[in-house]
Amino acid sequence: MGVLDSFGALVSSIVASIVLLVFAIVSFFITVFIVEAGAGLAGYSPSGDFVALSAAILAAAAIVGGASPLTSLGGEVE
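Computed from a predicted model, the values in this text were never measured in an experiment.

## Describing the overall build of the protein
Part 1: Across its full length, the protein holds 3 helices and 0 strands.
Part 2: Counting over 78 residues, the protein shows a buried share of 9%.
Part 3: When the accessible surface of the protein is summed, it comes to about 6,300 Å², and 76% of that surface belongs to carbon and sulfur atoms.

Quick look at the structure:
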């Protein structure tokens, strides 16, 4: 049973990685829309490369921020 358990863990890890990659891509596209709409509301018309760069930075920051634990803010001591 050890081999089957290891194979199941491998498959679940691959599936989780694919799901997280899809969520990251969707998050990037939503951030591109938000950045473009915000620039339009502010009266700016940036080129596509600046919109993609700022959306990539914001999406990466959101992913890194979501991955960091916030237990130190709760006041709980392990």
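Moving on, there is more to tell.
## Overview of the packing of aromatic side chains
Part 1: Within the structure shown, the criterion is met by 1 aromatic pair.
Part 2: An angle of 55° between the planes, with centres 6.0 Å apart, marks the rings of F28 and F29 as tilted.
Part 3: In this structure F29 comes out as exposed when scored by relative accessible area, which is 56%.

## Let's talk about the environment of F28
Part 1: Its location among the elements puts F28 in helix α1 (residues 2–41).
Part 2: Taking the C-alpha atoms as reference, F28 lies 8.7 Å from A52; in sequence the two are 24 residues apart.
Part 3: Among all residues touching F28, those that are not within four sequence positions of it are A52, A55, A56 and A59.

## What to know about helix α2 (residues 48–67)
Part 1: In a regular helix each residue adds 1.5 Å, so 20 residues correspond to 28 Å; α2 covers 28 Å between its end C-alpha atoms and thus fits that length.
Part 2: For α2, the complete set of buried residues consists of V51, A55 and A59. All buried residues of α2 project into a common sector of 55° when viewed along the axis, lining one side. Every exposed residue of α2 that faces more than 90 degrees away from the buried side is listed here: D49, F50, I57, V64 and A67.
Part 3: Buried residues in α2 make contact with α1.

## Notes on α1
Part 1: In this model α1 runs 58 Å from its N-terminal to its C-terminal C-alpha over 40 residues, within 8% of the 58 Å that 1.5 Å per residue would give.
Part 2: Those residues of α1 that sit buried are T31, V32, V35 and A39.
Part 3: In this structure, the buried residues of α1 make contact with α2.

## Focus on the packing of α1 against α2
Part 1: Interhelical geometry of α1 versus α2 gives an angle of 130° and a closest axis separation of 8 Å. Relative to α2, the element α1 is oriented oblique. α2 is crossed by α1, and the crossing has right-handed handedness. Contacts from A24, S27, F28, T31, V32, V35 and E36 in α1 reach V51, A52, S54, A55, A56, L58, A59 and I63 in α2.
Part 2: Of the residues in the contact of α1 with α2, the class split is 11 nonpolar, 3 polar and 1 charged.

Parameters at a glance
- Residues numbered from 1 in each chain as written.
- Predicted model: local features only at pLDDT ≥ 70, side-chain atom pairs only at ≥ 80, totals over all residues.
- Heavy atoms only, no water.
- Helix = DSSP H or I, 4+ residues; strand = E, 2+ residues; numbered from the N terminus.
- Buried < 20%, exposed > 50% of the residue type's maximum accessible area, 1.4 Å probe, protein only.
- Areas by Shrake-Rupley, 256 points an atom, 1.4 Å probe, with all protein chains shown as cover.
- Phe/Tyr/Trp six-rings, centres within 6.5 Å; stacked < 30°, edge-to-face > 60°.
- Contact = heavy atoms within 4.5 Å.
- Expected span 1.5 Å × (residues − 1).
- Arc of directions from axis to C-beta.
- Axes fitted to C-alpha atoms, helices over the stretch in contact; angles between N-to-C directions.
- Parallel < 35°, antiparallel > 145°, perpendicular 65-115°, else oblique.
- Left-handed = near helix turned anticlockwise from the far one by under 90°.
- Nonpolar A, V, L, I, M, F, W, Y, C, P; charged D, E, K, R; others polar.

Worth remembering: the numbers are spatial, not functional.
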